[in-house]
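# Descriptive analysis of the structure
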Amino acid sequence: MIKWSGILLMAMASVLFGFQKSMIFSERLKSLYQWKQCFLLIQREIEFQQASLPLIFTRLSNKMRGEFGEVFAQLAEQLQQKHGEDFSIIWENMWRSSYKKMCFTMEDLEVILSFGRNFSGVDRKKQVASIDYFLAQLEEQLEDARQQKKMGQKLYQTLGVVGGFFLIIVLA
């Protein structure tokens, strides 16, 4: 009786592990969609409100929840204090330290960092063009995330279930 209870617990753990690993793909996709929403808001703020970057990021931190809100709040604070640092350096430091919490891949991080390197701080037309370019790159990342989710979720879920059955067969 105890043996079967142990076997069933291990099989259930295997299945749950597979399903938990498959959720990473959904979280990445969710983070990328949230990222797109952030940049659409930034673009509107620049085009129509003509607000400064620290003010834009402060507003954005109030609208976004979780890690995104925290990062944008820190970014706004860093930009206000600036201490002679360039926007791209502040941007890169903020995102390098927090991208893993948001389920981004290294490729996602590279796209995010490229925005900071290409974003010019003075001309509003160039800022909007830079955001448009970034949104096009982000759309490619979203498509990649959709495809990976489609394949990866099935793979991990199947492996979890098959691994559970395998444990039952081997240990029984």
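Above: the structure in question.
Residues numbered from 1 in each chain as written. Predicted model: local features only at pLDDT ≥ 70, side-chain atom pairs only at ≥ 80, totals over all residues. Heavy atoms only, no water.

With that out of the way, let us pick up the overall build of the protein chain. Counting secondary structure elements, the protein chain contains six helices and zero strands. In sequence order, the secondary structure elements of the protein chain are arranged as α-α-α-α-α-α. For 172 residues, the compact-globule formula gives about 16 Å, and the C-alpha radius of gyration of the protein chain, at 21 Å, lies well above that figure. Overall size of the protein chain, expressed as C-alpha extent along the three principal axes, is 70 × 30 × 25 Å. Across the 172 residues that make up the protein chain, the buried fraction comes to 40%. (Helix = DSSP H or I, 4+ residues; strand = E, 2+ residues; numbered from the N terminus. Rg over C-alpha atoms; globule rule 2.2 N^0.38 Å. Buried < 20%, exposed > 50% of the residue type's maximum accessible area, 1.4 Å probe, protein only.)

Moving on to unusual backbone geometry. For Q50, which is not glycine, the phi dihedral falls at a positive 50 degrees. Turning to its location among the elements, Q50 is positioned in the loop between helix 1 (2-49) and helix 2 (53-63). Given a relative accessible area of 53%, Q50 falls into the exposed group.

This brings us to the nonpolar core. Membership of the largest hydrophobic core comes to 41 residues, with the highest contact counts inside it found for W35, F39, F57, F72, W91 and W95. Broken down by secondary-structure element, the contributors of at least two residues to this core are helix 1, helix 2, helix 3 (66-81), helix 4 (87-98), helix 5 (106-118) and helix 6 (124-171). Counting residues per element, this core draws most heavily on helix 1, at eight residues. In this structure, F57 is in contact with I42, F72, L75, A76, L79, F87 and W91, ignoring residues within four places of it in sequence. (Core = buried A, V, L, I, M, F, W, Y, C linked by side-chain atoms within 4.5 Å. Contact = heavy atoms within 4.5 Å.)

Another point: the environment of G18. By the secondary structure assignment, G18 is in helix 1. Taking the C-alpha atoms as reference, G18 lies 30 Å from M64; in sequence the two are 46 residues apart.

All right, on to the packing of aromatic side chains then. Evaluated as defined, the whole model comprises 23 aromatic pairs. Between W35 and F72, the ring centres sit 6.0 Å apart and the planes meet at 15 degrees, which makes this aromatic pair stacked. Here F72 lies in helix 3 and W35 lies in helix 1, a separation of 37 residues in the sequence. Of the two residues, W35 and F72, neither departs from the other in class, the shared state being buried. With a centroid separation of 6.3 Å and an interplanar angle of 55 degrees, the aromatic rings of F68 and W95 are classed as tilted. In this pair, F68 is assigned in helix 3 and W95 in helix 4, connecting sequence segments 27 residues apart. Taken together, the ring pairs in this structure connect W35, F39, F57, F68, F72, F87, W91, W95, F104, F115, F119 and F134 into an aromatic cluster. (Phe/Tyr/Trp six-rings, centres within 6.5 Å; stacked < 30°, edge-to-face > 60°.)

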